[in-house]
Amino acid sequence: MSDQPDQFVPQRAECVGVDAGVDALAVEQLIGLVGALVVARRTLPAERSTAAFRRGFQESGQILILTGVGGSLAQTVKDVGLGELLKGYFSTSTVLPLLLVWLVAAVLHIAIGSVVLASITAAGVLGPVLPLLGIDPVFVALAAGAGSLFAIHATSNTFWPLQTLLPQTTRGALKSVTFTVSCASVIAMIPIQLMALVF
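Conventions we followed
- Residues numbered from 1 in each chain as written.
- Predicted model: local features only at pLDDT ≥ 70, side-chain atom pairs only at ≥ 80, totals over all residues.
- Heavy atoms only, no water.
- Patch = residues over 30% accessible without salt bridge, like charges linked within 9 Å, V, L, I, M, F, W, Y side chains within 5 Å.
- Areas by Shrake-Rupley, 256 points an atom, 1.4 Å probe, with all protein chains shown as cover.
- Salt bridge = Lys/Arg side-chain N within 4 Å of Asp/Glu carboxyl O.
- Helix = DSSP H or I, 4+ residues; strand = E, 2+ residues; numbered from the N terminus.
- Buried < 20%, exposed > 50% of the residue type's maximum accessible area, 1.4 Å probe, protein only.
- Contact = heavy atoms within 4.5 Å.
- Phe/Tyr/Trp six-rings, centres within 6.5 Å; stacked < 30°, edge-to-face > 60°.
- Core = buried A, V, L, I, M, F, W, Y, C linked by side-chain atoms within 4.5 Å.
- Expected span 1.5 Å × (residues − 1).
- Axes fitted to C-alpha atoms, helices over the stretch in contact; angles between N-to-C directions.
- Left-handed = near helix turned anticlockwise from the far one by under 90°.
- Nonpolar A, V, L, I, M, F, W, Y, C, P; charged D, E, K, R; others polar.
- Arc of directions from axis to C-beta.
- Polar contact = N/O pair within 3.5 Å; in protein donor to acceptor, adjacent residues only side chain to side chain.

Draft legend 1. Looking closely at a nonpolar patch on the surface. Nonpolar side chains collect at one region of the surface, where Val95, Leu96, Leu99, Val138, Leu142, Ile187, Ile190, Leu194, Met195, Leu197, Val198 and Phe199 lie side by side and expose about 1,200 Å² of accessible area between them. Where the nonpolar patch is concerned, the elements lending two or more residues are helix H5 (95–112), helix H7 (137–147) and helix H9 (170–198). Owing to a relative accessible area of 51%, Leu194 belongs among the exposed residues under this scheme.

This is the structure in structure tokens:
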């Protein structure tokens, strides 16, 4: 057995013939998706394959787009060097940085109405920064999730399902859902901050 097995095992990016800068896993998934599309088009009737594609895009399309946006923002922040810039403004305390994550997620949610996009963007923008301050990324994700629940209102993508499930009027849902979930968002920061201080 050789001590250097990497000499005989080609890299995945080389196997699929792509540049090393392109993620080989993404290329493999794309090839699998194209193969599934071809098989579905040849074996299923046109109506069934069209309905399946439509249902798949409705269920996963928004999540894929929002995840891509959050990831691209995170990479932009990392490339710009925002971490070094913010590092000078914060002390070693975890309170202010996590409150900043919560605030960014809350403002984004109020502005755009998407819980998923607000949490992904807040965690993506500030995620690369906070490990430089010694804060565990788990607490960044928890703070972003708590902030993204603040002030659920009529433009939020979770408001209308809750209003329908609770059978309430719009005004009643604004009083009960918005107030209750906003309180939960604020209260959640207490154990998050305590855990960040302990761990």
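Right, picking up where we left off after that structure.
Draft legend 2. Representation of the side chain of Gln163. Relative to the helices and strands, Gln163 is located in helix H8 (residues 159–165). What Gln163 contacts, discounting residues up to four positions off in sequence, is Gln168, Thr169, Thr170 and Ala173.

Draft legend 3. Focus on unusual backbone geometry. The backbone phi angle of Ala151 is positive, close to 55 degrees, even though this residue is not glycine. Since its relative accessible area comes to 15%, Ala151 is described here as buried.

Draft legend 4. View of the packing of aromatic side chains. In this structure the tally under the stated criterion is one aromatic pair. Look at Trp102 and Phe150: their rings are 5.3 Å apart centre to centre, the planes differ by 65 degrees, and that puts the pair in the edge-to-face class. With Trp102 in helix H5 and Phe150 in the loop between H7 and H8, this residue pair connects regions lying 48 residues apart in the sequence. When its relative accessible area of 13% is taken as the criterion, Trp102 is described as buried.

Draft legend 5. Here's a closer look at the side chain of Ser148. Its location among the elements puts Ser148 in the loop between H7 and H8. Not counting residues within four places of it along the chain, the set of residues in contact with Ser148 comprises Ala105, Ala106, His109, Val115, Ala118 and Ser119.

Draft legend 6. Summary view of the nonpolar core. By size, the foremost hydrophobic cluster in this structure holds 20 residues, and its most contacted members are Leu98, Val101, Leu130, Ile135 and Met189. Those elements giving two or more residues to this core turn out to be H5, helix H6 (115–126), H7 and H9.

Draft legend 7. Representation of the environment of Ala144. Among the secondary structure elements, Ala144 is positioned in helix H7. Expressed as a C-alpha distance, the spacing of Ala144 and Leu100, which sit 44 residues apart in the sequence, is 9.2 Å.

Draft legend 8. Up close: H5. Here H5 spans 26 Å end to end across 18 residues, near enough to the 26 Å set by a 1.5 Å rise per residue. Residues of H5 that are buried: Pro97, Leu98, Val101, Trp102, Ala105, Ala106 and His109. Next to the buried residues of H5 lie H6, H7 and H9. A positive phi of about 80 degrees marks Gly113, the residue just after H5.

Draft legend 9. The arrangement of the packing of H5 against H9 in detail. The interhelical angle for the contact between H5 and H9, taken along N-to-C directions, is 145 degrees, at an axis separation of 10 Å. For the pair H5 and H9, the crossing hand works out as right-handed. The segment H5 lies against H9, with Val95, Leu98, Leu99 and Trp102 engaging Ser185, Val186, Met189, Ile192, Gln193 and Ala196. Among the residues making up the contact of H5 with H9, the classes are represented as eight nonpolar, two polar and no charged.

Draft legend 10. Molecular detail of H7. Those residues of H7 not exposed but buried are Phe139, Val140, Ala143, Ala144, Ala146 and Gly147. The buried residues of H7 occupy one face: seen down the axis, they fall within an arc of 160 degrees. The elements touched by buried residues of H7 are H5, H6 and H9. With a side-chain oxygen positioned 2.9 Å from the backbone nitrogen of Val138, the residue opening H7 is Asp136.

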